[in-house]
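Listed below, chain by chain, are the residues.
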There are 2 protein chains.
Amino acid sequence: MQLYNYFRSSASYRVRIALALKGLDYDYIPVHLVKREHLDDGYTAVSTSRLVPTLQDGDALVSQSLAIIEYLEETHPKPPLLPADALGRARVRAIAQDIACEIHPLNNLRVLRYLTHDLKLSEDDKNRWYRHWVETGLEAVERQLAAQPARFCHGDAPTLADLTLVPQIFNAQRFHCRTEHVPQVMRVFEACMQLDAFRQTQPSACPDAG
Amino acid sequence: MQLYNYFRSSASYRVRIALALKGLDYDYIPVHLVKREHLDDGYTAVSTSRLVPTLQDGDALVSQSLAIIEYLEETHPKPPLLPADALGRARVRAIAQDIACEIHPLNNLRVLRYLTHDLKLSEDDKNRWYRHWVETGLEAVERQLAAQPARFCHGDAPTLADLTLVPQIFNAQRFHCRTEHVPQVMRVFEACMQLDAFRQTQPSACPDAG
């Protein structure tokens, strides 16, 4: 398998953790977002949506990080990244989507670029925007975790929810967002960071980190 | 089952279509977003993330539209809303996420409110923002559909991808976005709107439509 990705992309980091937890080997193919390599014609042939990550598995190309992780879960079920019961799976997917649909899309590079290039917002306004969505978004995750506290987001093993949460916390810290108001979130983050699969795939450990 | 939802919420509409396709009865419980009823304490007890839709199934509460639809798929598999093969499922989920993670989050009510209330953007700038993300986002969906054309987004029966696409087109039309650059998208939209499950659950047909 090949993973087209970028060290700092949190969607890419989600998939790197999944591959590591499942013990799957892959070629790391960097796509430099700041140099806009994702807009090159060559990469459009790989990713019609021009986003990272893309997983190549034989001839098959799979896009969108959560879809990639579900694909890996179906094709390499061990260890599971979703609980065994439908309600547990729904809760895990909902926590993942509380991050992947409510926080992350507002703060990715093309959106920040639109704020400053097209809307001519100041750096201060841009940073306030970033922190607003992270800090309020994490409150929703905090309430989810507090309702059913466990070692990880759901139960005593990492799931899709943890794979989505940890990269978001890396982004939060990089942009100096408040996190002291979300103690359950940070407790789970620390528990995840004890594990090699989360630590060895973090942005600073990637081959393209610069 | 009870569905807490709002007629104009496109995430709610996705779930209404799923319930209709699967022939499941439910109580329609309106939560008026513009009156900010989703922020009431009573609703926070139902939805920790204070978003619609929420599905109540017995004592269980499920949030996030895509997680709800996967839950319905697992608990009421017929008719299927995901293909039988892992790669097909990945493609359908990726198309759904191209909309649910890349287009819709940028244009929901709380984001538009932040643009005008907090950032003091003009109505014109807000509308330009809205149309930008819809029009460029639909281009990515168009490329996905053009790569593997079929009656619906994937194959000859509606899937999770169509359930996500159709409500987005309703939003696009309401905000006068261009759609003539995405002919495959609009062809699939028209095919879906031939079906009762899509037509009878559309915003204007809802009990709280006003």
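Residues numbered from 1 in each chain as written. Chains lettered and ligands numbered in written order. Predicted model: local features only at pLDDT ≥ 70, side-chain atom pairs only at ≥ 80, totals over all residues. Heavy atoms only, no water.

The name given to chain A in an unreviewed UniProt entry is Maleylacetoacetate isomerase, and the organism recorded there is Pseudaquabacterium pictum. The Sequence similarities (unreviewed entry) comment attached to chain A in UniProt states, word for word, "Belongs to the GST superfamily. Zeta family." (UniProt positions renumbered as here; feature names shortened; annotations may be inferred.)

What follows is about the pattern of salt bridges. In the structure shown here, the tally under the stated rule is 20 salt bridges over all chains. When the shortest N-O distance is used, the salt bridge between Arg199(A) and Asp196(A) registers 2.6 Å. Of this pair, Arg199(A) and Asp196(A) both sit in helix α9 (residues 196-199), 3 residues apart, which is roughly one turn of the helix. Note on Arg199(A): relative accessible area 35%, which makes it partly exposed. Linked through salt bridges whose partners overlap, the residues forming this network are Glu70(A), Glu74(A), Arg89(A), Arg93(A), Glu70(B), Glu74(B), Arg89(B) and Arg93(B). (Salt bridge = Lys/Arg side-chain N within 4 Å of Asp/Glu carboxyl O. Helix = DSSP H or I, 4+ residues; strand = E, 2+ residues; numbered from the N terminus. Buried < 20%, exposed > 50% of the residue type's maximum accessible area, 1.4 Å probe, protein only.)

Residues and elements named next belong to chain B. Considering all chains together, one arrives at 17 aromatic pairs over all chains under this definition. For the ring pair Tyr6 and Phe7, a centre distance of 5.0 Å and an interplane angle of 70° mean the geometry is edge-to-face. Note on Tyr6: relative accessible area 4%, which makes it buried. (Phe/Tyr/Trp six-rings, centres within 6.5 Å; stacked < 30°, edge-to-face > 60°.)

As a measure of interface size, the accessible area lost when the parts come together is often cited. Residue and element names in this part refer to chain A. Entries for chain A in the domain assignment read domain 1 (2-79) and domain 2 (86-197). Placing the centre of domain 1 and that of domain 2 at their C-alpha centroids yields a distance of 20 Å. Carbon and sulfur atoms supply 67% of the area that domain 1 and domain 2 bury against each other, a total of about 1,600 Å² over both sides. Looking at the side of domain 1 facing domain 2, the largest losses of area belong to Tyr13, Arg14 and Leu66, adding up to 33% of the total buried there. One can count 1 salt bridge joining domain 1 with domain 2. Measuring nitrogen to oxygen at the nearest pair gives 2.7 Å for the salt bridge that ties Arg93 to Glu70. Run the count over domain 1 and domain 2 and you get 3 residue pairs in polar contact (both at pLDDT 80 or more). Among the elements of the structure, α1 (10-21) and α3 (65-75) are those that each provide at least two residues to the side of domain 1 that touches domain 2. Here the element with the most residues in the side of domain 1 that touches domain 2 is α1; it accounts for 8 residues. Class assignment of the residues belonging to the side of domain 1 that touches domain 2 gives a composition of 11 nonpolar, 1 polar and 4 charged. (Domains from an automatic or database assignment. Buried area = accessible area lost by both parts, 1.4 Å probe. Polar contact = N/O pair within 3.5 Å; in protein donor to acceptor, adjacent residues only side chain to side chain. Nonpolar A, V, L, I, M, F, W, Y, C, P; charged D, E, K, R; others polar.)

With that out of the way, let us pick up the interface of chain B and chain A. Contacts between the two partners involve 43 residues from chain B, matched on the other side by 43 residues from chain A. Around 3,900 Å² of area is buried between chain B and chain A when both sides are counted, 61% of it from carbon and sulfur atoms. Per-residue buried area on chain B facing chain A is highest for Thr48(B), Tyr114(B) and Arg143(B); these three make up 15% of the total on that side. Counting every contact that joins chain B to chain A gives 8 salt bridges. Taken together, the links from chain B to chain A amount to 14 residue pairs in polar contact (both at pLDDT 80 or more). When contributions to the side of chain B that touches chain A are tallied by element, the ones reaching two or more residues are β4 (60-63), α3 (65-75), α4 (86-100), α5 (109-118) and α6 (123-147) of chain B. At 9 residues, α4(B) tops the list of elements feeding residues into the side of chain B that touches chain A. Residue composition of the side of chain B that touches chain A, grouped by class: 22 nonpolar, 10 polar and 11 charged. (Contact = heavy atoms within 4.5 Å.)

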